[in-house]
Amino acid sequence: MSVRKRDHLIAVAQRMFCETGFHAVSVDAIIDEAGVARMTLYKNFGSKEELIVETLRREDTMFRQWLVSAIEAHSSRSEDRILALFKAMHDRFATEGYCGCAFIRASIEYPAPNHVVHRAAREHKNMVRSYLRGLAAEVEGADPVALSEQLYLLFEGAITASQLHGDPWPAEYARQAAEKLLAAASLAPQPAAKRTKVHRAT
């Protein structure tokens, strides 16, 4: 299979999984929609699960590109980028054709922690946590671990609520909560500077 055909097959499967679910979409349906032979699919992907992992990797790449274009390119200040993330999420949720989070769906449909699909979903979410940890580390006065995990919970909660209700409003409430977290971090007492013992000359 040429690279172009392989990419086409992954893109078709990604769209179908997003719209219908991983278990609900059969290999035959993917083959028919993509216009490829069954043998062609299995020569490039040893199993349906392997194809699913490739679609998740493609989704991960697209998400990283979205992060750069929607957030990283607009501000160098961490606080602004954090709030911009939730504003961009609102716009993302409101986009026609948005189907929710493929990684959350994958982790639910393949709940075994060591399953290859579940691991691929977890790797993406760990990337998000690492990204937020980096932003939180630059917020003056904040505990970067606590702040980043709190932001991560807001991030995931907004995704789940938006997917459940079919509306982007959860992202705005998550942004407001993030704004309060950042304000609280800036008011947190700073650790006292260590005193340096001065030795007087005798």
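Structure's up top.
Rules of the game
- Residues numbered from 1 in each chain as written.
- Predicted model: local features only at pLDDT ≥ 70, side-chain atom pairs only at ≥ 80, totals over all residues.
- Heavy atoms only, no water.
- Helix = DSSP H or I, 4+ residues; strand = E, 2+ residues; numbered from the N terminus.
- Buried < 20%, exposed > 50% of the residue type's maximum accessible area, 1.4 Å probe, protein only.
- Axes fitted to C-alpha atoms, helices over the stretch in contact; angles between N-to-C directions.
- Parallel < 35°, antiparallel > 145°, perpendicular 65-115°, else oblique.
- Left-handed = near helix turned anticlockwise from the far one by under 90°.
- Contact = heavy atoms within 4.5 Å.
- Nonpolar A, V, L, I, M, F, W, Y, C, P; charged D, E, K, R; others polar.
- Core = buried A, V, L, I, M, F, W, Y, C linked by side-chain atoms within 4.5 Å.
- Phe/Tyr/Trp six-rings, centres within 6.5 Å; stacked < 30°, edge-to-face > 60°.
- Lys NZ or Arg CZ within 6 Å of the ring centre and 35° of its normal.

Caption draft 1: Representation of the environment of T40 within the structure. By the secondary structure assignment, T40 is in helix α3 (residues 38-44). When its relative accessible area of 26% is taken as the criterion, T40 is described as partly exposed. Separated by 34 residues in the primary sequence, T40 and R6 place their C-alpha atoms 9.3 Å from one another.

Caption draft 2: Here's a closer look at the packing of helix α4 (residues 48-72) against helix α7 (residues 116-136). Running from amino to carboxyl end, α4 crosses α7 at an angle of 15°, the nearest separation of the two axes being 9 Å. What the angle tells us is that α4 and α7 run roughly parallel. As α4 runs across α7, the sense of the crossing is right-handed. On α7, the residues that touch E49, I52, V53, L56, D60, F63, R64, L67, I71 and E72 of α4 are V116, V117, A120, A121, H124, M127, V128, Y131 and L135. A class-by-class count of the residues in the contact of α4 with α7 yields 14 nonpolar, 1 polar and 4 charged.

Caption draft 3: Just the nonpolar core, in detail. In this structure, I30, L56 and M89 are the most contacted members of the largest nonpolar core, which totals 58 residues. Those elements that provide at least two residues to this core are α1 (3-20), α2 (27-34), α4, α5 (78-94), α6 (102-109), α7, α8 (144-165) and α9 (169-187). For this core, the leading source of residues is α7, giving 9 residues. Not counting residues within four places of it along the chain, the set of residues in contact with I30 comprises L9, V12, A13, M16, F17, V25, L41 and L51.

Caption draft 4: Representation of the packing of aromatic side chains in the model. Applying the stated rule across the entire model yields 5 aromatic pairs. Arranged with centres 5.3 Å apart and planes meeting at 45°, the rings of F63 and W66 form a pair that is tilted. On the criterion of helical spacing, the pair formed by F63 and W66 is a turn pair, its members being 3 residues apart in helix α4. Here F63 and W66 have matching classes, each one buried. Their ring planes at 85° and their centres at 5.9 Å tell us that W169 and Y173 sit as a pair that is edge-to-face. Here the residue W169 and the residue Y173 both occupy positions in helix α9, the gap between them amounting to 4 residues, near one helical turn. A relative accessible area of 39% means that W169 is categorised as partly exposed. Chaining the aromatic ring pairs together yields one cluster made of F63, W66 and F155. Lying over the aromatic face of W66, R92 brings its terminal NZ or CZ to 4.7 Å of the ring centre. One Lys or Arg, R129, reaches over the ring of Y152 and ends 5.8 Å from the middle of that ring.

Purely geometric numbers; function is a separate question.
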